[in-house]
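Chain by chain, the residues:
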Amino acid sequence: MSDQLQTSFIRDTDSGALYGKPGLDLLLVQTPRYRAVIAKQGAQLLEFQAADREPLLWLSPKAQFEPGKAVRGGIPLCLPWFGINRVDPTKPKHGLVRTQPWQLTGAKELPGGDVELVFTFRHDGSEVFEAPFRCDFTMRLGRELQLHLRLENLAEKTVEYSWAWHTYFPVESVREIEVHGLEHTDYLDNTRELARFRQEGPLTFPGEVDRVFENAPAHQQILTRAPIHTHSDNCHSVITWNPGPELAATLADVDDHYGEFVCVEHGNAFADSWQLAPGERAEASLLLQR
Ligand SMILES: O=P(O)(O)OC[C@H]1O[C@@H](O)[C@H](O)[C@@H](O)[C@@H]1O
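Thresholds applied
- By convention here, each chain's residues receive numbers from 1 onward along its written sequence.
- Since the coordinates come from a predicted model, pLDDT governs what is reported: local features require at least 70, and pairs of side-chain atoms require 80 or more to be given and counted, while whole-chain, interface and lining totals use all residues.
- Side-chain calculation: all heavy atoms of the structure are included, whereas hydrogens and water are not.
- Any residue with a non-hydrogen atom lying within 4 Å of a molecule or strand is treated as near it.
- Any pair of N or O atoms that falls within 3.5 Å is considered a polar contact. Within protein, one atom must be able to donate a hydrogen and the other to accept it, and sequence-neighbouring residues count only if both atoms are side-chain atoms.
- Classification convention: Asp, Glu, Lys, Arg as charged; Ala, Val, Leu, Ile, Met, Phe, Trp, Tyr, Cys, Pro as nonpolar; all other residues, Gly among them, as polar.
- Aromatic rings from Phe, Tyr and Trp, with only the six-membered ring used for Trp, were paired whenever their centres fell within 6.5 Å, and each pair was classed as stacked if the ring planes differed by under 30 degrees, edge-to-face if by over 60, and tilted otherwise.
- Labels follow the DSSP assignment, with helices taken as runs of H or I lasting at least four residues and strands as runs of E lasting at least two, numbered in each case from the N terminus.
- For every residue, the accessible area obtained with a 1.4 Å probe (protein chains only) is divided by the maximum for its type, and the residue is called buried under 20%, exposed over 50%, and partly exposed between those limits.
- Two strands pair if DSSP finds at least two bridges between them.
- What counts as an axis is a line fitted to C-alpha atoms, over the stretch in contact for a helix, and the angles between N-to-C directions run from 0 to 180 degrees.
- To form a nonpolar core, buried Ala, Val, Leu, Ile, Met, Phe, Trp, Tyr and Cys residues must be joined to one another through side-chain atoms within 4.5 Å.
- UniProt positions are given in the numbering used here, feature names are shortened, and annotations may be inferred rather than shown by experiment.
- Working rule for contacts: check all heavy atoms of both residues, and any pair within 4.5 Å makes them a contact.

Enquirer: Provide a residue-level description of the site of the ligand, including the pertinent values.
Expert: Contacts to the ligand come from Arg72, Phe82, Lys93, His94, Arg98, His166, Asn190, Asp210, Ile239, Trp241 and Glu265. In the model, an oxygen atom of the ligand is placed 3.1 Å from a nitrogen or oxygen of the Arg72 side chain. Within the contact set of the ligand, an oxygen atom lies 3.0 Å away from a side-chain nitrogen or oxygen of Arg98. Residues that form the shell around the ligand fall into these classes: three nonpolar, three polar and five charged.

Next up, the structure:
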């Protein structure tokens, strides 16, 4: 962090100091109103808790903190492709920005006490993703958490970008929760080769659930002890995921903790992916509250 951005409420730390597992540089943002922990790798929020509220994000007790590997929990940003790369499935799942270092390019305290942080990632174009692009990811930390993404296509041709904020929310017991706000919406079932079905009632999680809702509504509620509300703007896809016990047993950083979280992710993927012309920018935002 440059001196100019250093503020009294942001502190450089690392995963060794905070979690006893050295490996990643972290930022700790602490004010009387909330606490947030952010990994510089991926500009990944790992923790966020407003004063007098329950934690908004789930971070796996078995999370690993290794450079080049996504941390299990918080909000990894999947971009420039979401999920398995459809052109070349051997490429890393969920794109490349979640495992790369980002720059903190802005930090300011706003009137009223919220803090705004801006992280920037610039991709010059590479074998793994040919097109150059730039992302500016703004986090507004306060009573609520507000995320804003601006993506600019720096290629000289039109490029498809698919992406999502892969948000991990803590729940009492995933088998007992309901997600509202996706009723009467079609989804692609990733446990059944992306076959199309329709979600009629509230979404429940009796086992593995991996669903992509295209053209989804802008507001969801996760009904757990302290309900979580999501409001998005220009995020047309919602992806809901919990691995269930069998798949979780194969994920060393989840394992027997699968019942403690649900992912309700927001972005633009599959049919909602962004086609950006040369130099074109697109923006989206997400508000999370508990
Ligand atoms: O283990 P990863 O790469 O973080 O992905 C976790 C899950 O992310 C979800 O968004 C996908 O829909 C799932 O298919 C995937 O398994």
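Following the structure, the description resumes.
Enquirer: Outline the packing of aromatic side chains, supporting the account with residue identities and numerical values.
Expert: Applying the stated criterion across every chain yields a total of 19 aromatic pairs. The interplanar angle of 35 degrees and the centroid separation of 6.1 Å between the aromatic rings of Phe121 and Phe133 together place this pair among those described as tilted. Of the two residues, Phe121 is situated in strand 7 (residues 115-123) and Phe133 in strand 8 (residues 133-141); the sequence distance between them amounts to 12 residues. Classification of Phe121 as buried rests on a relative accessible area of 7%. Given the relative accessible area of 0%, Phe133 is considered buried. Relative to Phe261, the ring of Tyr168 has its centre 5.3 Å away and its plane inclined at 50 degrees; by these criteria the two rings are tilted.

Enquirer: Go over the sheet that holds strand 4 (residues 44-50) with me, naming the residues and quoting the values.
Expert: Taken in spatial order, the four strands of this open sheet run 1-2-3-4, and their pairing is antiparallel. In this open sheet, the two strands that pair with only one neighbour each are strand 1 (10-14) and strand 4. Neighbour-to-neighbour, the strand axes of this sheet turn through a mean angle of 20 degrees, independent of strand direction. Relative to strand 3 (residues 34-39), strand 2 (residues 25-31) runs antiparallel, the two sharing six bridges. Along strand 3, the bridge assignment pairs Thr31 with Tyr34.

Enquirer: Break down the nonpolar core for me, with residues and values.
Expert: The biggest cluster of nonpolar side chains holds 65 residues, and the ones touching the most others in it are Leu117, Phe133 and Trp165. The element best represented in this core is strand 8, accounting for five residues. Membership of the second largest hydrophobic core comes to 10 residues, among which are Leu28, Val37, Ala39 and Ala63.

Enquirer: If you had to explain the UniProt feature "active site" (unreviewed entry) in the protein chain to someone new, which residues and values would you point to?
Expert: The sites that carry the UniProt feature "active site" (unreviewed entry) are, in the present numbering, His166 and Glu265. Separation in sequence by 100 residues is not matched in space for these annotated residues, since their most distant C-alpha atoms are only 4.7 Å apart. With respect to the helices and strands, His166 occurs in the loop between strand 11 (163-165) and strand 12 (168-170). Every residue in contact with His166, bar those within four places of it in the chain, is listed here: Gly74, Ile75, Pro76, Cys78, His94, Trp241, Cys263 and Glu265. As for its placement among the helices and strands, Glu265 is situated in strand 20 (residues 261-268). When near neighbours in sequence (up to four residues on either side) are disregarded, Glu265 contacts Phe82, Ala164, Trp165, His166, Thr167, Ser237, Val238, Ile239 and Trp241. Among the polar contacts made by the side chain of Glu265, one reaches the side chain of His166 at a distance of 3.5 Å.

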